[in-house]
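# Structural overview
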Amino acid sequence: MKRYTQSMLILTLLISFTVACDSNNEPEESYTTIVWQDEFEQDGSPDSELWSNDIGTGVEIFGQPGWGNNELQYYTDRPENIKVEDGMLEITARKEPFNGSNYTSAKILTRGKFESTYGRYEARIMLPFGRGIWPAFWLLGDDSGGTVSWPQIGEIDIMEYRGQEPTIVHGSVHGPGYSAGNAVTDRYQLTNGRFDTEFHVFAIEWGPDFIKYYLDDTLYNEITPEDVGGEWVFNDNSFYIILNVAVGGSFVGSPTDATPFPQTMLVDYVRVYEE
């Protein structure tokens, strides 16, 4: 009986420890008030009250063309590249000659329409597939004043993904001294399934001294001021939301003849919560 009691006590302690550990990996319950959202319920173009489009191939940044990343696509606002249909936002990358580029795609952002600091940002997304395909859900610091440029404005990549690695996503931050190839980053790898065959929820919870990364409500990365090795630029600026699918670029490399086109990122919703 004594041995049985001791065994039950040990089992109870193990269960309690496991539950405590699991709870540490769960999202904060304090982010309960939705302050901005798009559920993509109206067919047609994305809601112009919420989003605007980047068009073209972008300006050179630090000598790099294609939005500063050597990307190959021309961004358009055509329905062939971006539309809302059946409750989903569809951003489609296509292989086609267009205005001097060999690929087209789309990029939308909330700059000047919704910008904020801190909170929980999340989106439910099914990703595309193929070498050289580069979708992202991210935040960029307000640069409208024109006096501060990237990476000083800050960048929070909630989800980045290489189309040739359909089980891996990345969560990163960029700032002065830790940008581009020196970004502070971590990744999440699925043990079952792929990101291009099912939807997943990508989220961050962001406060004055932390950015926590979640995949389907599992915490897999936390970045703090001590981690960046440079200036923490995530508490003195407002940030806006970006969704895009790039083709090619320094992060993924170029497509090959085996890369299937068209490739579409499906977004079920985007939501922002505050405490």
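Going by what an unreviewed UniProt entry lists, the chain is known as Family 16 glycosylhydrolase and is assigned to Gracilimonas halophila. UniProt, in its Sequence similarities (unreviewed entry) section for the chain, records the words "Belongs to the glycosyl hydrolase 16 family."

## Brief notes about the pairing of strand β4 (residues 82-85)
Residues Ile82 and Val84 line the buried face of β4, whereas the alternating positions Lys83 and Glu85 sit on a face that is not buried. Direction of pairing for β4 relative to strand β5 (residues 88-98): antiparallel, over a ladder of four bridges. Its bridge partner lying in β5, Glu85 is registered against Met88. Counting the residues that bridge the hairpin from β4 to β5 gives two residues, and of these Asp86 lies at a positive phi of roughly 55°.

## Notes on unusual backbone geometry
Note that the residue after Trp150, namely Pro151, is joined by a cis bond; omega there is 10°. Its location among the elements puts Pro151 in the loop between β9 (133-141) and β10 (155-160). Put simply, Phe261 and Pro262 share a cis peptide bond, and its omega is 0°. Examined against the element boundaries, Pro262 turns out to sit in the loop between β16 (239-247) and β17 (263-274). Positive phi, normally seen in glycine, also occurs at Asp86, with a value near 55°. Looking at the element boundaries, Asp86 is found in the loop between β4 and β5. Exposure remark for Asp86: the relative accessible area of 65% places this residue in the exposed category.

## Let's talk about the packing of aromatic side chains
Tallied over the entire structure, the rule returns 16 aromatic pairs. Aromatic side chains Phe234 and Phe239 sit 6.0 Å apart centroid to centroid with 35° between the ring planes, which places their arrangement in the tilted category. Site record: aromatic cluster; members linked through ring pairs are Tyr118, Tyr121, Trp206, Trp232, Phe234 and Phe239. The ring of Tyr214 is capped by Arg120, whose NZ or CZ atom sits 5.6 Å from the centre of that ring.

## Here's the deal with the nonpolar core
Ranked by internal contacts, the top residues of the largest apolar core, which has 51 residues, are Ile156 and Leu243. Among the elements that take part in this core, β16 stands out by supplying five residues, more than any other. The residues touching Ile156, leaving out its near neighbours within four places in the chain, are Trp138, Leu139, Ser172, Val173, Ile204, Trp206, Ile211, Tyr213, Phe234 and Phe239. Residues Leu109, Leu140, Ile153 and Tyr240 belong to the second largest nonpolar core, which totals seven residues.

## Things to note about the sheet that holds strand β7 (residues 107-109)
The strands making up a sheet are joined through hydrogen bonds of the backbone, oriented either antiparallel or parallel. Strand order in the open sheet formed by seven strands is β2-β7-β16-β9-β10-β11-β12, with antiparallel pairing between adjacent strands. Of all strands in the sheet, those bounded by a partner on one side alone are β2 (52-53) and β12 (184-189). When β9 meets β16, the two strands line up antiparallel, connected through nine bridges. Bridging across to β16, Ala136 finds its partner in Asn244.

Calculation criteria
Residues numbered from 1 in each chain as written. Predicted model: local features only at pLDDT ≥ 70, side-chain atom pairs only at ≥ 80, totals over all residues. Heavy atoms only, no water. UniProt positions renumbered as here; feature names shortened; annotations may be inferred. Buried < 20%, exposed > 50% of the residue type's maximum accessible area, 1.4 Å probe, protein only. Helix = DSSP H or I, 4+ residues; strand = E, 2+ residues; numbered from the N terminus. Pairing = 2+ DSSP bridges. Phe/Tyr/Trp six-rings, centres within 6.5 Å; stacked < 30°, edge-to-face > 60°. Lys NZ or Arg CZ within 6 Å of the ring centre and 35° of its normal. Core = buried A, V, L, I, M, F, W, Y, C linked by side-chain atoms within 4.5 Å. Contact = heavy atoms within 4.5 Å.

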